[in-house]
Amino acid sequence: MAQQGFDLNAILKQAQALQQSFEANKARLKQETATAQVGGGVVSATVDGEKVVKAIKISPDLLKDVEVSVIEDLVVSAVNAANAEMDKKINANMASFAGNALGGLGGNFGNLGNMGDLIGKFLGGGAPKA
């Protein structure tokens with residue numbers, strides 16, 4: 001039985017489409033925001049998908065009889081918490097993107113079976129030994 005090959009042009013087209021999809025996904029993520037509140041909601045921070053601080057809100061009640069260092073600490077905490085929320089959004093988005101995008105590549109590899117086999121074929125041998 002003749003061994004079935006794979007269509008390199010189809011793989012390259014899929015890689016190009018994947019790159020375009022990745023760039024579009026990255027652009028969408030830049031538009032995302034994450035907001036976190038600390039100190040019982042007296043300070044909040046909002047960051048965008050590039051983790052640039054877009055807003056800081058401080059309750060006027062906090063400004064009464066509170067040392068500046070307390071406010072500074074709360075602002076830092078709020079920014080860090082907002083960045084952590086954005087990290088969660090980015091990780092979830094990228095995991096979903098990778099699953100959707102990479103899951104569709106399997107059909108063009110013919111009977112190679114897995115990426116180890118593909119690498120082995122390019123290197124002139126079989127699949128790498130475990």
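For the structure itself, look to the data block above.
Fair warning: this is a prediction, and the values are worked out from it, not measured in the lab. (Residues numbered from 1 in each chain as written. Predicted model: local features only at pLDDT ≥ 70, side-chain atom pairs only at ≥ 80, totals over all residues. Heavy atoms only, no water.)

Chemist: Got a minute to help me understand the sheet that holds strand E3 (residues 53-58) in this structure?
Modeler: Pairing between sheet strands relies on hydrogen bonds along the backbone, with the strands arranged either parallel or antiparallel. Strand order in the open sheet made by the three strands is E1-E2-E3, with antiparallel pairing throughout. In this open sheet, the two edge strands, each paired with only one partner strand, are strand E1 (33-38) and E3. With strand direction ignored, the average angle separating the axes of adjacent strands in the sheet is 15 degrees. Where strand E2 (residues 43-48) meets E3, five bridges bridge the pair, whose relative direction is antiparallel. Paired with Ala-45 across the two strands is Ile-56, which belongs to E3. (Pairing = 2+ DSSP bridges. Helix = DSSP H or I, 4+ residues; strand = E, 2+ residues; numbered from the N terminus. Axes fitted to C-alpha atoms, helices over the stretch in contact; angles between N-to-C directions.)

Chemist: In this structure, what is going on with the side chain of Ser-44? I would like to understand it.
Modeler: Topologically, Ser-44 is positioned in strand E2. Excluding its chain neighbours within four sequence positions, the residues that come into contact with Ser-44 are Thr-35, Ala-36, Gln-37, Ala-55, Ile-56, Lys-57 and Ala-78. (Contact = heavy atoms within 4.5 Å.)

Chemist: Which parts of the structure should I look at to understand the pattern of salt bridges?
Modeler: Two side chains of opposite charge can pair, provided their charged atoms sit close to one another. Under the defined criterion, the tally for this structure stands at seven salt bridges. A salt bridge links Lys-26 to Glu-23; the nearest nitrogen and oxygen atoms lie 3.9 Å apart. A residue pair is termed a helical-turn pair when its members lie 3 or 4 positions apart in one helix, as Lys-26 and Glu-23 do in helix H1 (residues 8-31) at three residues. Residue Lys-26 is classed as partly exposed on the basis of its relative accessible area, which comes to 39%. As a salt-bridge pair, Glu-32 and Lys-89 come within 3.5 Å of each other at their nearest N and O atoms. In this pair, Glu-32 is assigned in the loop between H1 and E1 and Lys-89 in helix H2 (residues 68-103), connecting sequence segments 57 residues apart. For Lys-89, a relative accessible area of 33% translates into the label partly exposed. (Salt bridge = Lys/Arg side-chain N within 4 Å of Asp/Glu carboxyl O. Buried < 20%, exposed > 50% of the residue type's maximum accessible area, 1.4 Å probe, protein only.)

Chemist: Looking at this model, I keep getting lost on a nonpolar patch on the surface. Mind explaining?
Modeler: On the surface, a cluster of nonpolar side chains totalling about 320 Å² of accessible area is made up of Val-53, Ile-56, Ile-58 and Leu-63. Its location among the elements puts Ile-58 in strand E3. (Patch = residues over 30% accessible without salt bridge, like charges linked within 9 Å, V, L, I, M, F, W, Y side chains within 5 Å. Areas by Shrake-Rupley, 256 points an atom, 1.4 Å probe, with all protein chains shown as cover.)

Chemist: Looking at this structure, how should I read the environment of Val-38?
Modeler: The topology assignment puts Val-38 in strand E1. Put simply, Val-38 and Val-75 are 37 residues apart on the chain and 8.3 Å apart in space, counted from C-alpha to C-alpha. Dropping the residues within four chain positions of it, Val-38 is found in contact with Val-43, Leu-74, Ser-77 and Ala-78.

Chemist: It is not clear to me how the environment of Asp-61 should be interpreted in this structure. Could you clarify?
Modeler: Relative to the assigned elements, Asp-61 resides in the loop between E3 and H2. Look at Asp-61 and you get exposed, because its relative accessible area is 54%.

Chemist: Is there a simple way to think about H1 in this case?
Modeler: An α-helix turns once every 3.6 residues. As a result, residues three or four positions apart point the same way. The end-to-end C-alpha distance of H1 is 35 Å, a good match for the 34 Å that 24 residues give at a rise of 1.5 Å each. The opening residue of H1 is Asp-7, an N-cap whose side-chain oxygen sits 3.1 Å from the backbone nitrogen of Asn-9. (Expected span 1.5 Å × (residues − 1). Polar contact = N/O pair within 3.5 Å; in protein donor to acceptor, adjacent residues only side chain to side chain.)

Chemist: Explain the side chain of Thr-46 here, please?
Modeler: By the secondary structure assignment, Thr-46 is in strand E2. A relative accessible area of 15% means that Thr-46 is categorised as buried. For Thr-46, the side chain forms a polar contact with the side chain of Thr-35, separated by 2.7 Å. Discounting residues that sit within four places of it in the chain, Thr-46 has contacts with Thr-33, Ala-34, Thr-35, Val-52, Val-53, Lys-54 and Ala-55.

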